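Here are the chains, one letter per residue:
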Amino acid sequence: MRPLYLLVFTAGLVTLGMELSASRLLEPAFGNSQIVWAAIIGLILLSLAVGAWLGGWLADRYPRRPALELTLTIGAVGVALVPLLSAPVLRLASAGLVDFAPGLLLGALIAVGLLFAIPAVLLGTATPWAVRLAMEERQETQRDTQKVNTLSSYLSQSPNLQSPISNLGQTAGRLSAAATAGSLIGAFLPVLWLIPTFGTRWTFYLLALLLLVVVTLSALHRPHRWIPLTAMLGVLAMALLLQPHGVRAAWDDGRSGEIIYEDESAFNYIAVRQWGSERHLKLNDGIGIHSVYHPDALLSQGIWDYFLLAPLFSNTAIERSGNWKLEIGESNSQISSLQSPISNLLLIGAAAGTVAGLYTEIYGPVAITGVELDPEILRVGEEYFAAMWPNYTPVAADGRRWLAQQPVEARFDVIAIDAYRPPYIPFHLTTVEFFELVRDHLTDNGVVAVNVGRSDVNYALVDAMSATMQQVFPSVFIVDEPGPPATLANSLVVATKHPTTLAQFEANIAALPDTLPAEFIAFVNTAALHARQALPPSDAPIFTDDRSQVEQVVHGLIVDFLLRR
């Protein structure tokens, strides 16, 4: 009986471990959102339901432990094959996202689903099969007892001999509890240890090897023990010989630059890519760029530059004759007698520090706090993106939770929010309640700026964010980042604590001191042409903590974009 409990415990552990690891395997191609999690959880539950039905059917026809052990051996090999067989599928999915091909994406998703479904179905047979085996083993025990005891009258009167089904419910409950306990361990083991320590692909191999070890122990005294043992050796050979070195996502084809660093943290697959002197930070999704490093250029040539516009939306006029103190980079030792119009900046979603570096270059050594959920990204920022400015304080925390923990006296001139995986934004950073918290931590003339995704024709998410921010702030503006047509793009949504106008924004631009770099002045004047007051439609959704349709809006944006291709 004890080997049966260990088998169902391990099958439950591996099933949930595979489910948690599946999300990390799919993130590079499909992103991380509720719809992806719903698809994974739904697929696993459906597979377990089919597995339970199949397990009961097989148990009635093959009520022998070797048959169960063989089935679990095949299931373990299926788990080990997932990262290997999924490589070409995820490569197709990545190409589908890059080329915006919906048919390719759908086919890839179905194929990946089959990869997970087959081993999940096989693992799902364990518990009902084990219940039947427990009943059969109890019957065999009673038959052996009857052979030993030759006194039939004693046997008929013995209170210790019960029907094999007399405590079947108790046995079934214990086996189900063992499987659930294994699932509980499997829910935490990959997240807290296996993935951060060994990587996603090796997590699949280790889960498969664990199940094969248990099956081998269960079959140790039976002739078929060589089957799980051989499978174990095969999985080890496959893991060591057939996979690329490192933790690089297997679907990646290297078209996005040379990887000079990669790792898997508790939160992300992290890759730093380089072309010449330019570096990019990429996380999970394989398309969006989260930070850039241009040591030979002042600006980033991306949405990060637009955050520099935020202080210019303040209702406080910039005086050309004021005292804006500016340090114009290390290459130019000139320091004007002017003082920056802001004294501090809060970044929520600091990533590797691109915005912090831009603010330091343009607005001088103002106090900057960069909040980033993943501490490993902050370390990568220091090592590969030179994010070690004396005025910059990185903090590893959730942005909203960290801000809520700050005293009311902690206030910022600018709060910049860029904490999303394109085009998804964490819902708790999109709601009225969140922006009320932001407003309470802005100075009297403070400004908040949010990076929001869109397509060249679909502004649904921009409109929804604008409508939501208008519930809290008196003035809301939008600056569209121009880009190639028929592609996903970005807009900066800016709101001010006190009312202001576009005319004030334009006046502040006109008042910028001549000591500023000409490249920045040219960028500001060009960007100003794409600035407008936010006028969302009346039916634009307003996000709240109770009801935020942000992912539904994003999914609609993506579907609309793909259908227009």
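Residues numbered from 1 in each chain as written. Predicted model: local features only at pLDDT ≥ 70, side-chain atom pairs only at ≥ 80, totals over all residues. Heavy atoms only, no water.

Quick word on the pairing of strand E10 (residues 475-480)
Every other side chain in a regular strand lies on the same face of the sheet, so the side chains alternate between the two faces.
Okay, step 1: Extensive coverage of E10 is indicated by the burial of 6 of its 6 residues.
Okay, step 2: Here 6 bridges tie E10 to strand E11 (residues 488-496), and the two strands are oriented antiparallel to one another. Opposite Asp480, over in E11, you have Ser491 as the bridge partner.
Okay, step 3: Relative to strand E12 (residues 531-533), E10 is paired through 3 bridges, and the arrangement is antiparallel. If you follow Phe477 over to E12, its bridge partner there is Gln533. (Buried < 20%, exposed > 50% of the residue type's maximum accessible area, 1.4 Å probe, protein only. Helix = DSSP H or I, 4+ residues; strand = E, 2+ residues; numbered from the N terminus. Pairing = 2+ DSSP bridges.)

Let's talk about the sheet that holds E11
Okay, step 1: Ordered by their spatial adjacency, 8 strands build an open sheet running E7-E6-E5-E8-E9-E11-E10-E12, and the pairing between neighbours is mixed. The outermost strands of the open sheet, each flanked by one partner alone, are strand E7 (392-396) and E12. Mean inter-strand twist for the sheet, computed between neighbouring axes without regard to direction, equals 20°.
Okay, step 2: Here 5 bridges tie strand E5 (residues 344-348) to strand E6 (residues 367-372), and the two strands are oriented parallel to one another. Its bridge partner lying in E6, Ile348 is registered against Val371. (Axes fitted to C-alpha atoms, helices over the stretch in contact; angles between N-to-C directions.)

Side note on the packing of helix H7 (residues 168-198) against helix H8 (residues 200-218)
Okay, step 1: Between H7 and H8, the least distance of the axes is 7 Å, while the angle of their chain directions is 115°. Where H7 crosses over H8, the handedness of that crossing is right-handed. Together, Pro190, Leu194, Ile195 and Phe198 of H7 and Thr200, Trp202, Thr203, Leu206 and Leu207 of H8 make up the contact between the two elements.
Okay, step 2: Looking at the contact of H7 with H8 residue by residue, the classes come out as 7 nonpolar, 2 polar and no charged. (Left-handed = near helix turned anticlockwise from the far one by under 90°. Contact = heavy atoms within 4.5 Å. Nonpolar A, V, L, I, M, F, W, Y, C, P; charged D, E, K, R; others polar.)

Observations regarding the packing of aromatic side chains
Okay, step 1: All told, the structure shown has 12 aromatic pairs when counted by the stated rule.
Okay, step 2: Arranged with centres 5.5 Å apart and planes meeting at 80°, the rings of Trp193 and Phe198 form a pair that is edge-to-face.
Okay, step 3: Judged by its relative accessible area of 44%, Trp193 falls in the partly exposed class.
Okay, step 4: For Phe198, a relative accessible area of 35% corresponds to the partly exposed category.
Okay, step 5: Residues Phe435 and Phe473 carry aromatic rings whose centres are separated by 6.4 Å and whose planes lie at 75° to one another, so their mutual orientation is edge-to-face. (Phe/Tyr/Trp six-rings, centres within 6.5 Å; stacked < 30°, edge-to-face > 60°.)

Quick notes on H8
Okay, step 1: End to end, H8 covers 28 Å across 19 residues, agreeing with the expected 27 Å (1.5 Å per residue, within 8%).
Okay, step 2: Among the 19 residues of H8, 14 are classified as buried, and the element is accordingly described as predominantly covered. (Expected span 1.5 Å × (residues − 1).)

Focus on the environment of Ala416
Okay, step 1: Mapped onto the elements, Ala416 comes out in strand E8 (residues 412-417).
Okay, step 2: Overall, the relative accessible area of 3% leaves Ala416 in the buried class.
Okay, step 3: Along the primary structure Ala416 and Leu347 are separated by 69 residues, whereas in three dimensions their C-alpha atoms are 4.9 Å apart.

A look at the confidence of the model for the protein
Low pLDDT means the predicted atomic positions in that stretch should not be read closely.
Okay, step 1: Averaged over all residues, the pLDDT of the protein equals 83, while 80% of them reach at least 70.
Okay, step 2: Here residues 246-251 is a poorly scored stretch, pLDDT under 50, and it has 27 contacts once near neighbours within four places are set aside; other chains count.
Okay, step 3: Taken together, the stretch residues 325-338 has pLDDT below 50 and engages in 36 contacts with residues farther than four places along the chain or on a different chain. (pLDDT = per-residue confidence, 0-100.)

Brief notes about the side chain of Ser218
Okay, step 1: In this fold, Ser218 is placed in helix H8.
Okay, step 2: If we skip the residues at most four places from it in the chain, Ser218 touches Pro3, Leu7, Arg65 and Glu69.

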